[in-house]
Amino acid sequence: MFHCLQFSVDFPAKYQDWTATDPTDLFQAPIVKTESNPKAHIPRHLSQEARGCSHLVLWLDCDREGENICFEVIECTEFVVHDTRRKVHRARFSSVTEKDILKAMDNLVAPNKDEALAVDARQEIDLKVGVAFTRFQTSYFQGKYGNLDARVISYGPCQTPTLGFCVQRYLQITTFKPEKFWIVRPYILQGGYDLQLDWERGKLFDSEVAAMFQKLVMDDGFVKVTDMSEKQESKTRPSGLNTVNLLKVASSALGLGPQMAMQIAERLYTQGFISYPRTESTSYPLSFDFKGALGPLVKDPTCGPYVQQLLNSGHLKARQGTDAGDHPPITPMRLATEDMLGGDAWKLYQYICQHFIGTVSADCKYARTMVDFSVGGESFHCVGLRVIVKGFTAVMPWLAVNEKSLPQFSKGDKIKISKVELYEGYTTAPDYLSESELISLMEKHGIGTDASISVHINNICERNYVQVQGGRRLVPTELGICLIRGYQCIDPDLCLPDIRSFIEHQITLVAKGQADHSRVVHHVLLQFKQKYGYFVKQIENMDALFEAQFSPLADSGRVLSRCGKCLRYMKYISTQPSRLFCGTCEEVYYVPQRGAVKLYKELECPLDNFQLLLFSMAGPEGKTFPFCPYCYNNPPFEGIDTLFSAVKTGNSTTPGKGAGMPCFLCPHPTCRHSLISQGVCACPECHGTLVLDPVSAPKWRLSCNLCNCLVSLPHGAHRISTTKDRCPECDSTIIEVDFNKKTSPLKDGNTLHAGCILCDELLHSLIEMKHGKSFFRHRGGRGRGRGGRGGHRGRGRRGKTEDPKMSFRDF
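Per an unreviewed UniProt entry, the protein goes by the name DNA topoisomerase and belongs to Kalanchoe fedtschenkoi. In its Sequence similarities (unreviewed entry) section, UniProt records this for the protein: "Belongs to the type IA topoisomerase family." Reading the Catalytic activity (unreviewed entry) entry of the UniProt record for the protein gives the comment "ATP-independent breakage of single-stranded DNA, followed by passage and rejoining."

Structure (structure tokens):
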């Protein structure tokens, strides 16, 4: 069983409502661990497998996160560490080869509780600090500015300093003032070579002085060789490859973002092609079998001959790097081909192989020749490079020394100058940070771990704080700049790396058993709570920056639909998060995200008189459904919002709201757009109901109100509608189809036909599953039709349902 987080840390349900919870209370709030993937039922499966077992062997990744999961497994299986009757063992391994697996089995140890507690500490700190600041910022700024393109304005103890590095470079660029400089460049012709000589003074920032030196050189007319020297230098082979260096190379040389690179590396690891890719070590253990790792690479069509030569002549011992005590460096475990991996995975695997081969190759050796010249009292020189031994650069050619030949010179030679150039240039600003440079800064300042660096960089990109541009350089957006400048105005600690470095140091002490877990968490949270309180009081300083950059909500958007409260028109703001704004009531209503929203025939919701809107998900097969803006943000029936997953509509969590309630979840008994009126039959994929898409003509279809299941109805029909009748066999809703006269399958020119799509022979033959399992007629169980499953109660707003205590099934 390998690295797969079973649990995530979150707040209990009572703290989930943004509007009902003061973010300050989150610093003392309890936390719970919940299953990351409840549908997998991993804890239940582990509990069942552990019944009757006397030994538990934990095969989790050998890092702190893996150690933390060990204790999650122990809890699920109800084993107890140090129990003499049911023993717990920990296997430590770095790859999934037979040799490493057998070695780990022969050297079982006890799980490390301190490392597990270190992970708990980091998770609790990051959750409470991040959520408290994020909720306050999002609620404060999203309600004020219409062109603020961000669903969530997040803060993170690691994420924000990461953004700070990018904005700091941006500020260096924008405040940079170029200066003009001059360089004297004499040229000579010698032995067929046209050489430019380099001036020892380098750049001068005074044009008159530079022109004076140019005249001195020109007046002399000849350069004299004053000295010649040659010395042998070497370019050292690389140390073992760790995660940070892999991510830097993937970004700078392979064009892969850190998040993508880690996903590919993890897949290569689970497939057995490379060793564990999350490691801080660059030093191989003394027992590492280099010959065994090199052996399979002999058959590689590109590096194979070089590897064979290494094995024949005897490979060198790898350099002594840094041993972080976690895993050996990233190493190829078995041979792969481009056909097996393809694309980016092959490029990354190939680099890992080349780097590993380079670590056991000879250093690159070359001769550096320096020739010094004198003219007009000024000193110049030129340099030549000649490779003696290619060494590791034979397999890593991008690191090879660029040779430069020089003609023959003798000390005392006088050579005529062909021309003297006074080069004029400007100093240039630094470029935007590349991902590779950002990773180096994060590593230097202790921001994140080898396991999380890629996540933090990906977060600031997804939050629209930075954009990845050419050369994978990170350019801050106006939002990212405003945030960092705001933190700097209020409390620079919030965006500087120092405080995170301190936290990581404390967490490391917990992992080593040198600090108490609860005391560290309490101390850090107390610090951040005080900072949060001050931040809230000073938020106007950041708001002033936002006011200068973004437009007020009332000035944004376009008129779309009428408010049910004041009967004035609301504006639709399409920037993320998409929402409606009523200027009269000063209310914001979030709408489903990542799709198109338009007015739905000027129809009104019978519950609150808001005009209905129609949402169309992006993509050719995206579902379309009507919704009421007020019901979507304030579900009138209990339990509705917990049914509708944000993933299904592309919606993201909005402040203080669940995923929302569209009409196809509404159990209103009389509204013709509700689940009761438009629901047809049970979904074959989930507990949902297939609902008639009201605007899908002429390509009529049913879509599930909970999952992506899609059923195509007879295409080209003039009209398809639901009826009040139910099928006596399966309890599904009878639908009525008015076929086109020219394409009607009915006899004698008839066009009108009513029936059940499951039980009616004609209709069933005309339907087609687009997404989901096959539809079988007369399957066991009732169709549940409009009622769906479950006993979610429908206590309606203002009592407009016939029976507010009826469940879905009762309808």
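Now, onward.
S.K.: Even after reading the chapter, I still don't get the packing of helix α7 (residues 243–252) against helix α12 (residues 343–359), so can you show me in this structure?
M.R.: The description of two packed helices rests on the angle between their axes and on the distance between the axes. The interhelical angle for the contact between α7 and α12, taken along N-to-C directions, is 125 degrees, at an axis separation of 11 Å. Judged by the inter-axis angle, α7 sits oblique to α12. In the crossing of α7 with α12, the sense of the turn from one axis to the other is right-handed. Of the residues in α12, those touching α7 at L246, V249 and A250 are L348, Y351 and I352. For the contact of α7 with α12, a count of residues per class yields six nonpolar, no polar and no charged.

S.K.: Even after reading the chapter, I still don't get the domain arrangement of the protein, so can you show me in this structure?
M.R.: You'll often see interface size given as the accessible area lost when the parts meet. Domain annotation of the protein identifies domain 1 (7–118), domain 2 (122–176 + 433–548), domain 3 (180–236 + 365–426), domain 4 (243–361), domain 5 (557–643) and domain 6 (678–777). Look at where the C-alpha atoms of domain 1 and domain 5 centre, and you get two points 42 Å apart.

S.K.: I keep staring at helix α8 (residues 258–270) and nothing clicks. Help me out?
M.R.: For an α-helix, 3.6 residues make a turn, and residues three or four places apart therefore share a direction. Look at α8: 18 Å from first C-alpha to last across 13 residues, which is about the 18 Å you get at 1.5 Å a residue. Along α8, the residues that are buried comprise P258, A261, M262, I264, A265, L268 and Y269. One side of α8 carries all its buried residues, which in axial view fall inside an arc of 165 degrees. Close packing links the buried residues of α8 with α7, α11 (338–341), α12, α13 (435–445) and α14 (453–462). Looking one or two places after α8, you find G272, whose phi comes out positive at around 85 degrees.

S.K.: Explanation requested: the nonpolar core in the structure shown.
M.R.: Note on soluble globular proteins: their nonpolar side chains tend to be buried together. Grouped together as the largest cluster of nonpolar side chains are 115 residues, with contacts concentrated most on Y349, F528 and F546. Setting aside residues up to four positions removed in sequence, F528 forms contacts with F27, V129, F133, Y155, L494, I499 and I503. Counting residues in hydrophobic clusters, the runner-up holds 63 residues, among them Y572, F637, L675 and C730.

S.K.: Just to check I follow, could you spell out a nonpolar patch on the surface for this structure?
M.R.: A grouping of V209, M212 and L216 is seen on the molecular surface, where their side chains present a nonpolar patch of about 220 Å² in accessible area. By the element assignment, M212 lies in helix α6 (residues 207–220).

S.K.: Which parts of the structure should I look at to understand empty space enclosed by the protein?
M.R.: Think of a ball as big as a water molecule: rolled over the atoms, this probe shows where empty space is left. Taken as a whole and assessed by the stated rule, the structure comprises three cavities of 30 Å³ or more. Lining the largest cavity are 14 residues, and of these C605, C631, C663, C666 and C671 lie nearest its centre. Here the residues of the lining of the largest cavity are counted per class, giving 11 nonpolar, three polar and no charged.

S.K.: Quick question: what am I supposed to make of the pattern of salt bridges here?
M.R.: Side chains bearing opposite charge may pair, as long as their charged atoms lie close to each other. Going through the model one piece at a time under the given rule, you end up with 29 salt bridges. E233 is the partner of R368 in a salt bridge, and the nearest nitrogen-oxygen pair spans 3.2 Å. Remark: E233 occurs in strand β8 (residues 222–235) and R368 occurs in strand β9 (residues 364–375); sequence separation between them is 135 residues. When salt bridges with common partners are traced through the structure, they connect E65, R122, D126, R500 and E504 into a single cluster.

S.K.: Looking at this model, I keep getting lost on the packing of helix α5 (residues 159–174) against α13. Mind explaining?
M.R.: Following both chains from N to C, one finds α5 and α13 inclined at 125 degrees, their axes separated by 10 Å at the closest point. It follows that α5 is oblique to α13 by the angle criterion. The way α5 lies across α13 gives a crossing that is right-handed. Residues T162, F165, C166 and R169 of α5 lie in contact with α13, whose contacting residues are E437, L438, L441, M442 and H445. Counted by class, the contact of α5 with α13 contains five nonpolar, two polar and two charged residues.

S.K.: Explain the packing of aromatic side chains to me, please; I cannot follow it from the model alone.
M.R.: The geometry of two aromatic rings is summed up by the distance between their centres and the angle between their planes. As enumerated under the stated definition, the model contains 38 aromatic pairs in all. A centroid spacing of 6.0 Å and a plane angle of 80 degrees characterise the contact between F136 and Y532, whose relative ring orientation is edge-to-face. Taken together, the positions of F136 in helix α4 (residues 113–142) and Y532 in helix α17 (residues 517–537) put the pair 396 residues apart, joining distant regions of the chain. Of the two residues examined, F136 and Y532, each falls in the buried class. Considering the side-chain rings of F615 and F625, the 5.4 Å spacing of their centres and the 50 degrees angle between planes classify their relative orientation as tilted. One end of the pair, F615, is in strand β19 (residues 611–617); the other, F625, is in strand β20 (residues 624–627), and 10 residues separate them in sequence. F625 carries the same exposure label as F615, and that label is buried. Each member of the aromatic cluster is reached from another via a ring pair, and the members are F27, F133, F136, Y140, F141, Y145, Y155, Y487, Y532, F535, F546 and F550. The ring centre of F79 lies 3.8 Å from the NZ or CZ of R86, which sits over that ring.

S.K.: Which parts of the structure should I look at to understand the confidence of the model for the protein?
M.R.: Close inspection of predicted coordinates is inappropriate in any region flagged by low pLDDT. In this model, the protein carries an average pLDDT of 86, and 91% of its residues clear a pLDDT of 70 or more. Mean pLDDT per element in the protein: helix α21 (residues 646–649) is the minimum at 38, and β9 is the maximum at 96. A low-confidence stretch, residues 1–5 (pLDDT under 50), is modelled with 21 contacts involving residues beyond four sequence positions or located in other chains.

About the criteria used
Residues numbered from 1 in each chain as written. Predicted model: local features only at pLDDT ≥ 70, side-chain atom pairs only at ≥ 80, totals over all residues. Heavy atoms only, no water. UniProt positions renumbered as here; feature names shortened; annotations may be inferred. Axes fitted to C-alpha atoms, helices over the stretch in contact; angles between N-to-C directions. Helix = DSSP H or I, 4+ residues; strand = E, 2+ residues; numbered from the N terminus. Parallel < 35°, antiparallel > 145°, perpendicular 65-115°, else oblique. Left-handed = near helix turned anticlockwise from the far one by under 90°. Contact = heavy atoms within 4.5 Å. Nonpolar A, V, L, I, M, F, W, Y, C, P; charged D, E, K, R; others polar. Domains from an automatic or database assignment. Expected span 1.5 Å × (residues − 1). Buried < 20%, exposed > 50% of the residue type's maximum accessible area, 1.4 Å probe, protein only. Arc of directions from axis to C-beta. Core = buried A, V, L, I, M, F, W, Y, C linked by side-chain atoms within 4.5 Å. Patch = residues over 30% accessible without salt bridge, like charges linked within 9 Å, V, L, I, M, F, W, Y side chains within 5 Å. Areas by Shrake-Rupley, 256 points an atom, 1.4 Å probe, with all protein chains shown as cover. Salt bridge = Lys/Arg side-chain N within 4 Å of Asp/Glu carboxyl O. 1 Å grid on protein atoms, 1.4 Å probe; cavity = no way out; pocket = protein on both sides within 12 Å on 5 of 7 lines; lining within 4 Å. Points joined across faces, edges and corners; volume = space filled by probe spheres on them. Phe/Tyr/Trp six-rings, centres within 6.5 Å; stacked < 30°, edge-to-face > 60°. Lys NZ or Arg CZ within 6 Å of the ring centre and 35° of its normal. pLDDT = per-residue confidence, 0-100.

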